[in-house]
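# A closer look at the structure
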Amino acid sequence: MARTKGAWTIGEHLDQGYSLTAYCNNPRCGRSKRRQGRWLDLRKLDPDLTLDELQPRLACVDCNTRQAIV
């Protein structure tokens, strides 16, 4: 898989055996205050997505905002 503008794709992360965790960045969210992230199952994601393309699609499971940090 080729890199898009120097960014790693989800497929490249899988190939390297990496895992990703997403954190809520909403200061009013309890999950954010506890700094409790959620592990992302990369196998269920499009392997051609980059992290920059993935981040706006993530929503917190507690507060449902799209202020995620990967």
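Just so it is clear, the structure is predicted and the values come from calculations on it, not from any experiment.

Criteria and thresholds
- Residues numbered from 1 in each chain as written.
- Predicted model: local features only at pLDDT ≥ 70, side-chain atom pairs only at ≥ 80, totals over all residues.
- Heavy atoms only, no water.
- Core = buried A, V, L, I, M, F, W, Y, C linked by side-chain atoms within 4.5 Å.
- Buried < 20%, exposed > 50% of the residue type's maximum accessible area, 1.4 Å probe, protein only.
- Contact = heavy atoms within 4.5 Å.
- Pairing = 2+ DSSP bridges.
- Helix = DSSP H or I, 4+ residues; strand = E, 2+ residues; numbered from the N terminus.
- Salt bridge = Lys/Arg side-chain N within 4 Å of Asp/Glu carboxyl O.
- Phe/Tyr/Trp six-rings, centres within 6.5 Å; stacked < 30°, edge-to-face > 60°.

## Remarks on the nonpolar core
Soluble globular proteins tend to pack their nonpolar side chains together in the buried interior. Core analysis: the largest hydrophobic core is formed by nine residues, namely I10, L20, A22, L40, L42, L49, L54, L58 and A68. Aside from chain neighbours lying at most four places away, what touches L40 is L20, A22, L54 and L58.

## Let's talk about the sheet that holds strand β1 (residues 20-24)
The three strands are arranged β2-β1-β3 in an open sheet whose pairing can be described as antiparallel. This sheet does not close on itself; its edge strands, each paired only once, are β2 (38-40) and β3 (68-69). Two strands pair when backbone bridges link them, and β1 and β3 are joined in this way by two bridges, in the antiparallel orientation. Bridging from a neighbouring strand, C24 pairs with A68 of β3.

## A closer look at the pattern of salt bridges
Summed over all chains, the structure comprises one salt bridge. One salt bridge in this structure joins R43 and D41, with 3.0 Å as the shortest N-O distance. Residue R43 is classed as exposed on the basis of its relative accessible area, which comes to 64%.

## Brief notes about the packing of aromatic side chains
Evaluated as defined, the whole model comprises one aromatic pair. On the basis of an interplanar angle of 40° and a centroid distance of 5.7 Å, the ring pair of W8 and Y18 is categorised as tilted. Of this pair, W8 sits in the segment before α1 (10-16) while Y18 sits in the loop between α1 and β1, and the two are ten residues apart along the sequence. Looking at Y18, the relative accessible area reads 43%, which means it is partly exposed.

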